[in-house]
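Coordinate analysis (summary)
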Amino acid sequence: MNPNASEPADAAAPAPTESVTGNRPPGPRGRNRRGPAPQRTQRGGGNPPAGAPHPMLDQLAALYPALFGAEFLPMKRGIFQDLLDAHPDTLDKDGLKAALALHTRSTRYLTAVASGHPRCDLSGQPVENLAPEHVHHALVEVFRRRQGRAPQDLRPKLRQRIEQAFEASGLGAEAYAALVLTRDEAVNTLTQEALAAVVARAAKDAALLRAFEASGKTVDEFAEMYGMGGADANRTLERARARAAKPA
């Protein structure tokens, strides 16, 4: 994913001890699994104690609030070198590498990637689209983390988000599956169900569009024939036209 070997990649890989159902082994008794959250008041490089935020993240947030501030944005590839070039005398290389690694593994950052928002430069301006597989794997990882704390089954929500990500990708089902399927069979099954649902819905919409175009009716007349509301019929027809206009 990252052409710069020194730059941390977006960390959306599945957690090795956690399944799609969100089950995870219990931590040691009497220990807060998330650890303490000390204030990030220092500057400097190197690695902070386990569980502590990296002090350089506060520095980055002050320098580039659009990218590292209250709301995270997906970072463009090459951001590590961009930061070093912009601040050669103030940002320690090893410390920056460690800080970015923590940043890209955070749930807040992965949620930004899962949203599908384009990758941004230091000023927060979009410069490149996210790869479909990066969006998908971030979705799955955020789901895993939330499922471990949620009393309800979040798989229906995950499937809906995968459907949306698949449609936004503009890819066919086979091409999308080739990019996103992993060794996690539970996630693969959910993904295949989502792709099948989108394909079936698209086929139904396309058939409705053909019927409408052959009917010679207005949208309202056609909707009444099929027992649909006019607004729903119009949205379905527009969706089918949009799909038909996309290159194969």
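Rules used in this analysis
Residues numbered from 1 in each chain as written. Predicted model: local features only at pLDDT ≥ 70, side-chain atom pairs only at ≥ 80, totals over all residues. Heavy atoms only, no water. Salt bridge = Lys/Arg side-chain N within 4 Å of Asp/Glu carboxyl O. Buried < 20%, exposed > 50% of the residue type's maximum accessible area, 1.4 Å probe, protein only. Axes fitted to C-alpha atoms, helices over the stretch in contact; angles between N-to-C directions. Helix = DSSP H or I, 4+ residues; strand = E, 2+ residues; numbered from the N terminus. Parallel < 35°, antiparallel > 145°, perpendicular 65-115°, else oblique. Contact = heavy atoms within 4.5 Å. Nonpolar A, V, L, I, M, F, W, Y, C, P; charged D, E, K, R; others polar.

Right, let's get into the pattern of salt bridges. Tallied over the full model, the rule gives 15 salt bridges. The closest approach of N and O atoms between Lys76 and Asp82, which form a salt bridge, is 2.9 Å. Look at Lys76 and you get buried, because its relative accessible area is 18%. Where Asp153 meets Arg155, a salt bridge forms, and the shortest distance between an N and an O atom there is 2.8 Å. Look at the salt bridges and you will find they share partners, linking Arg159, Glu163, Glu167, Glu193, Arg201, Asp205, Arg239 and Arg243 into a network.

Our next topic: the packing of helix α4 (residues 93-105) against helix α5 (residues 107-114). At a closest axis distance of 5 Å, the pairing of α4 and α5 adopts a crossing angle of 60 degrees. Between α4 and α5, the crossing angle belongs to the class labelled oblique. Across the interface between the two elements, His103, Thr104 and Arg105 of α4 pack against Thr107, Tyr109 and Leu110 of α5. For the contact of α4 with α5, a count of residues per class yields two nonpolar, three polar and one charged.

The analysis is restricted to geometry; functional conclusions fall outside its scope.
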